[in-house]
Amino acid sequence: MEAVRALMEQYWIRKEDRELYGKTKREINRFRKFLTEQLGWNLISNERILKLEKIPAHAESFMGITEFTEVRDYCMFCAILIFLEDKEDGEQFLLSELVSMLEAQLQESMEIDWTMFIQRKSLVRALKFAEKMGLLEAFDGFSENVAGGIEHEVLYENTGLSRYFASNFGYSISDFSSYKDFETEPVKDLETDRGHFRINRVYRQLAAAPAMYWDQAEDPDALYLKNQRQWVGKYLDEALGGRLHIHKNGAFFVMEEDDCFGEFHPREATVSEVTLNICAELRQRVEEGTMKKEMNDCICISSGEFGEILEACRKKYGCAWSKEFREMQREKLEIVILEYMRSWMLAGTEDGMVWLFPAVGKFTGVYPQDFLQREEEKHG
């Protein structure tokens, strides 16, 4: 189980991490069938790295590179990968050489102007992420200095790991124009084993995302999950440890409180506590009949209504929140909470409306009354 968790939690495991690399390599054969058949993921195992290519069933916003803030960051990083492909392992190069290649590589898709601070910051973020992942190493100089001007020279060395960074697909993606093409391409060919791909899709969603939702009772993925719930839950528990919960319009693979790994919700952070309070408030309103669910078990309200619910929770529980959240302006509080809820598939936004997903009624939390009284006395 620890081997699969390590591969799930990390992008890859480098041989330099000798203890984890050795332990994972020894144990991984026990779970190879689960990884390659149920999940349908490619497992790379060589003398340099162990990597599980975790291609999701459906792309979600929280699956991006957290260090990147602009599309431009991704463009520059991809160009860096292309540049490193032509370098030998251990070959050194100067930043100026890389910059010249970036200008030529990206000129058809975006305008490059290194006098603009935002573009230099994008380059810094891409370089720093490449260093963090071990794709290159700075031998003389610092990538951060590039933010002050592109004339700052830096000497880098290619580690050779870049050839393992990008995922490999069994089909051409040169004509893709949207991330959705990655979801539809594998099932276009009539000869594709659609049933096997459905199995992969269900396991991937449960293993790599906070929730699996469906709108209709006849959804093929939902039907498979309900019919095979015993086996799906068994295989996931054996490999990752946890319990499969299936509801009317959603399913969740839930870890035990004292046996979690990776990022988890709820955690010891005010934003997590506030979200639990909001979910409790929403559930109470549904039970009282003052708020109604749609046929798919979702709730749709306006942004203004969501803001009012936030304020109601702040009035009721605010004394137990951190000072930052007690005093945060309503508009900012709404942005922070919605971003967190989106990242855990609790909510979504569309055309000024807020969609609250089924998990809202499942993961709720309130403070004990005596605790609230003590906090009220503490803060006056």
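Residues numbered from 1 in each chain as written. Predicted model: local features only at pLDDT ≥ 70, side-chain atom pairs only at ≥ 80, totals over all residues. Heavy atoms only, no water.

Trainee: Would you mind going over the overall build of the protein in detail, with residue names and values included?
Mentor: A tally of helices and strands in the protein yields 15 helices and 12 strands. Within the protein, the proportion of its 380 residues that are buried is 44%. Sequence separation of 24 or more characterises 64% of the internal contacts of the protein that already satisfy a separation of 6 or more. About 20,800 Å² of surface is accessible on the protein, with carbon and sulfur atoms providing 48% of the total. Side chains of the protein carry 48 positive and 69 negative charges; the gap between the two charge centres is 5 Å. (Helix = DSSP H or I, 4+ residues; strand = E, 2+ residues; numbered from the N terminus. Buried < 20%, exposed > 50% of the residue type's maximum accessible area, 1.4 Å probe, protein only. Contact = heavy atoms within 4.5 Å. Areas by Shrake-Rupley, 256 points an atom, 1.4 Å probe, with all protein chains shown as cover. Lys, Arg positive; Asp, Glu negative; His and termini not counted. Charge placed at Lys NZ, Arg CZ, Asp CG, Glu CD.)

Trainee: Tell me about the side chain of R5, and name the residues and values.
Mentor: As for its position among the elements, R5 is in helix 1 (residues 2-9). Among the residues examined, R5 registers a relative accessible area of 11% and is labelled buried.

Trainee: Tell me about the environment of E256, and please be specific about residues and values.
Mentor: With respect to the helices, strands and loops of the structure, E256 is situated in the loop between strand 9 (250-254) and helix 11 (270-288). Given the relative accessible area of 35%, E256 is considered partly exposed. Between the C-alpha atoms of E256 and G241, which are 15 residues apart in sequence, the distance is 8.1 Å.

Trainee: Which residues make up the pattern of salt bridges, and what are the values?
Mentor: Evaluation of the coordinates by the stated rule reveals 22 salt bridges. Residues joined in a network through salt bridges with shared partners are K15, K25 and E47. (Salt bridge = Lys/Arg side-chain N within 4 Å of Asp/Glu carboxyl O.)

Trainee: If you had to explain a nonpolar patch on the surface to someone new, which residues and values would you point to?
Mentor: A surface patch of nonpolar side chains, amounting to about 270 Å² of accessible area, comprises M116, F117 and I118. Within the secondary structure, F117 sits in helix 6 (residues 117-132). (Patch = residues over 30% accessible without salt bridge, like charges linked within 9 Å, V, L, I, M, F, W, Y side chains within 5 Å.)

Trainee: Outline the packing of helix 11 against helix 14 (residues 330-343), listing residues and values.
Mentor: How two helices sit against one another is set out by the angle between their axes and by the gap between those axes. Across the interface, helix 11 lies against helix 14 with an axial gap of 10 Å and an inter-helix angle of 85 degrees. When the axes of helix 11 and helix 14 are compared, the pair comes out roughly perpendicular. Residues V271, S272, V274, T275, I278 and C279 of helix 11 touch helix 14, and the partners they reach there are V336, I337, Y340 and M341. (Axes fitted to C-alpha atoms, helices over the stretch in contact; angles between N-to-C directions. Parallel < 35°, antiparallel > 145°, perpendicular 65-115°, else oblique.)

Trainee: Tell me about helix 9 (residues 220-227), and please be specific about residues and values.
Mentor: Within helix 9 the residues assigned to the buried category are D221, A222, Y224 and L225. In an axial view of helix 9, the angular spread of the buried residues amounts to 160 degrees, which keeps them on one side of the axis. At the N-terminal end of helix 9, a side-chain oxygen is found 3.0 Å from the backbone nitrogen of D221, two or three residues along, and the residue is D219. (Arc of directions from axis to C-beta. Polar contact = N/O pair within 3.5 Å; in protein donor to acceptor, adjacent residues only side chain to side chain.)

Trainee: Describe the side chain of N277, with residues and values.
Mentor: One can find N277 in helix 11. For N277, a relative accessible area of 2% corresponds to the buried category. For N277, the residues in contact, after removing those within four places along its chain, are C313, Y317, W321, G365, V366 and Y367.

Trainee: So what about the sheet that holds strand 8 (residues 243-246)? Which residues, and what values?
Mentor: Spatial ordering of the open sheet is given by 7-9-8, a layout of three strands whose pairing is antiparallel. Each having just a single partner strand, strand 7 (212-213) and strand 8 make up the two edges of the open sheet. Pairing analysis gives four bridges linking strand 8 to strand 9, with the strands arranged antiparallel. By the bridge assignment, R243 is partnered in strand 9 with V254. Packed on one face of the sheet, helix 10 (residues 229-240) meets strand 8 and strand 9 and runs near 145 degrees to strand 8. (Pairing = 2+ DSSP bridges.)

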